[in-house]
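In case you want the letters, here they are:
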Amino acid sequence: ANDALFEVYEEIAASDEQLKNQYYELEKSRNIIKKNEQRYRLIAEASNDGFWDMDIRSEEVFSNERLSQVLGLDREEANNYINNLDKYVHINDLKKVHKIIDEIKIGVRDNYNVEYRTLNKNGKYKWILAKGRLLRDEEGKVYRVIGFHIDIEDRKVQQEQIRTLAYYDIVT
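Residues numbered from 1 in each chain as written. Predicted model: local features only at pLDDT ≥ 70, side-chain atom pairs only at ≥ 80, totals over all residues. Heavy atoms only, no water.

### Quick look at the pairing of strand β1 (residues 50-55)
Put simply, the rule is: Relative accessible area decides the class of each residue, using a 1.4 Å probe on protein chains only: under 20% of the type maximum gives buried, over 50% gives exposed, and in between gives partly exposed. Strands are runs of DSSP state E lasting at least two residues, helices are runs of H or I lasting at least four, and both sets are numbered from the N terminus onward. When DSSP finds two or more bridges between two strands, those strands count as paired.
By the criterion of burial, β1 is predominantly enclosed, with five of the six residues buried. Direction of pairing for β1 relative to strand β5 (residues 142-151): antiparallel, over a ladder of six bridges. Bridging across to β5, W52 finds its partner in G147. Pairing geometry for β1 and strand β2 (residues 60-63), over four bridges, is antiparallel. When the bridges of β2 are listed, D55 appears paired with E60. In sequence, β1 turns back onto β2 through a hairpin of four residues, with E59 there showing a positive phi of about 60 degrees.

Here it is, written out as structure tokens:
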């Protein structure tokens, strides 16, 4: 009876040791995840860019607060922006934006980088730089898209001022 009891004790002790090891590994993983989350949050905040992450299958969209500011839209409009591009993109820029979307759909491209004008809630257009990356499943279907929108309005205004001075200023 003592031998059987000792065997049970040994099994419990071994199980306890395994559980402790699993707990320490879990804690270690949890700390790594926490550190990475903090790192990515700081990077996102430091970049001052609007970003979004869309799960195509569930149509769930995550975005940061800055995206609304960059686009000049309220939070809900910003989250639905990607599904309503025709409503916001300037008519003269729509063709190049649709070309990129078409290339994504047929599998020619897995990332994008495009400058265009977008309509804000005040009815004015502003320049943004849209950059992103998409992920495909084993069948080649897009299941996730991650994008950044960067306000480049000031840069575009400065470029136009330089162009005007270079070509139309009396001195030059």
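### Observations regarding the packing of aromatic side chains
Each aromatic ring pair is specified by the distance between its two centres and by the angle formed by the two planes. Here is the rule: Centres within 6.5 Å are what make two rings of Phe, Tyr or Trp a pair, Trp counting through its six-membered ring; a difference in plane orientation under 30 degrees is then read as stacked, over 60 as edge-to-face, and the rest as tilted.
Applying the stated criterion across every chain, the model contains five aromatic pairs. With centroids separated by 5.8 Å and ring planes inclined at 65 degrees, the aromatic side chains of Y23 and Y24 adopt a geometry described as edge-to-face. Between F51 and F148, the ring centres sit 5.9 Å apart and the planes meet at 45 degrees, which makes this aromatic pair tilted. Residue F51 is located in strand β1, and its partner F148 is located in strand β5; the two are separated by 97 residues in the primary sequence. With relative accessibility at 18%, the residue F51 sits in the buried group. For F148, a relative accessible area of 33% gives the class partly exposed.

None of the figures reported here should be taken as evidence of function without further support.
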